[in-house]
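Here is what each chain is made of, one letter per residue.
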Amino acid sequence: MATGMQEYEAAIAPLKQALFVQLFSPLTAAADTATANSSSSSSGSSTFNVLEVGVGTGPNFQFYPAPSSSSSSSSQQLLSVTGIEPNPAMWQYTQQAAEAAGLGQQQLQLVAADAQQMPFEQDSFDAAVVTLVLCSVPEPQQALSELLRVLKPGGSLLLIEHVIAPRFGLLQLQQRVLDPLQQLLADNCHLTRNTAAVLQASGFECRNNNSDSWVQPLAVQSVEAAAARVAAGSSELMSFEVPGMSLIAPHIAGILKKPVSV
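Reading guide: rules and limits
- Residues numbered from 1 in each chain as written.
- Predicted model: local features only at pLDDT ≥ 70, side-chain atom pairs only at ≥ 80, totals over all residues.
- Heavy atoms only, no water.
- Salt bridge = Lys/Arg side-chain N within 4 Å of Asp/Glu carboxyl O.
- Buried < 20%, exposed > 50% of the residue type's maximum accessible area, 1.4 Å probe, protein only.
- Helix = DSSP H or I, 4+ residues; strand = E, 2+ residues; numbered from the N terminus.
- Contact = heavy atoms within 4.5 Å.
- Polar contact = N/O pair within 3.5 Å; in protein donor to acceptor, adjacent residues only side chain to side chain.

The protein chain is annotated in an unreviewed UniProt entry as Methyltransferase type 11 domain-containing protein from Tetradesmus obliquus.

Some points on the pattern of salt bridges
Oppositely charged side chains can pair when the atoms bearing their charge come close. Under the criterion given, the structure shown has five salt bridges. Residue K16 pairs with E9 through a salt bridge whose shortest N-O separation is 2.8 Å. As far as burial versus exposure is concerned, K16 and E9 are alike and both buried. Notably, a salt bridge pairs D126 with K152, separated by 3.2 Å at the nearest N-O pair. Note that D126 is positioned in strand β4 (residues 125-131) and K152 in strand β5 (residues 151-162), a separation of 26 residues in sequence. A relative accessible area of 27% means that K152 is categorised as partly exposed.

A few points about the environment of G203
Relative to the helices and strands, G203 is located in the loop between α7 (195-200) and β6 (218-219). Between the alpha carbons of G203 and P259 there is a distance of 7.8 Å; along the sequence they are 56 residues apart. In this structure, G203 is in contact with L148 and P259, ignoring residues within four places of it in sequence.

Considering the environment of E236
Tracing the sequence through the fold places E236 in the loop between α8 (223-231) and β7 (238-241). Sequence separation of E236 and L256 is 20 residues, and the distance between their C-alpha atoms is 8.3 Å. Separated by 2.9 Å, the side chains of E236 and R229 make a polar contact. One polar contact links E236 to S234, side chain to side chain, over a distance of 2.6 Å.

What follows is the structure, given as structure tokens:
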């Protein structure tokens, strides 16, 4: 990437916090129900299965729901995380991040796999997380097709990606000129991908509050504005710029759905 990831993570954190709260709302509701019914057996508890593609060193784990100190260990078993990371040399850092976030070893499984050909059964996961991944996979359309396959009907996809600048100007020109160098130096990261267009053809649903059909990303002024919309319950795909990120400042983010019937 073109900038330090610590600076990036600090800048994008408000939106990540809001998106992950929305993504894990079914799990939170299930945990609340389990607590309310604590006198009954926990053997009927269902597991919320999450797939994170390109988990890397686990920077997103801090936004996963932490186990409640007041609940029994059975409530932790409601969350199961599978992380795809093709480089096993990174797994020790991933596991350290998981431990710091309160994810137990029994909750996290790391898999060395290709996002374009996942070794999972159809309809395996309740939710998926993809952040800064579609910029670098050789065929993002194929990766999205695989995500659509392994998600359960009605499952959610949390997505944050940097993209090509939406309007032609100096920034987009710089992205186009420097894209080959970026791919060479940053593990095939592309600066010029129009990921919103790829999503539109992917089969995922993107709905706003007034339409049941696909909508173009809603332009918002800042990361904080995007976070506020998510916190208010918005399900829109949004476009915005992350401050200080230069060539990778233009972003899209949101939570998409796999149709109930595909």
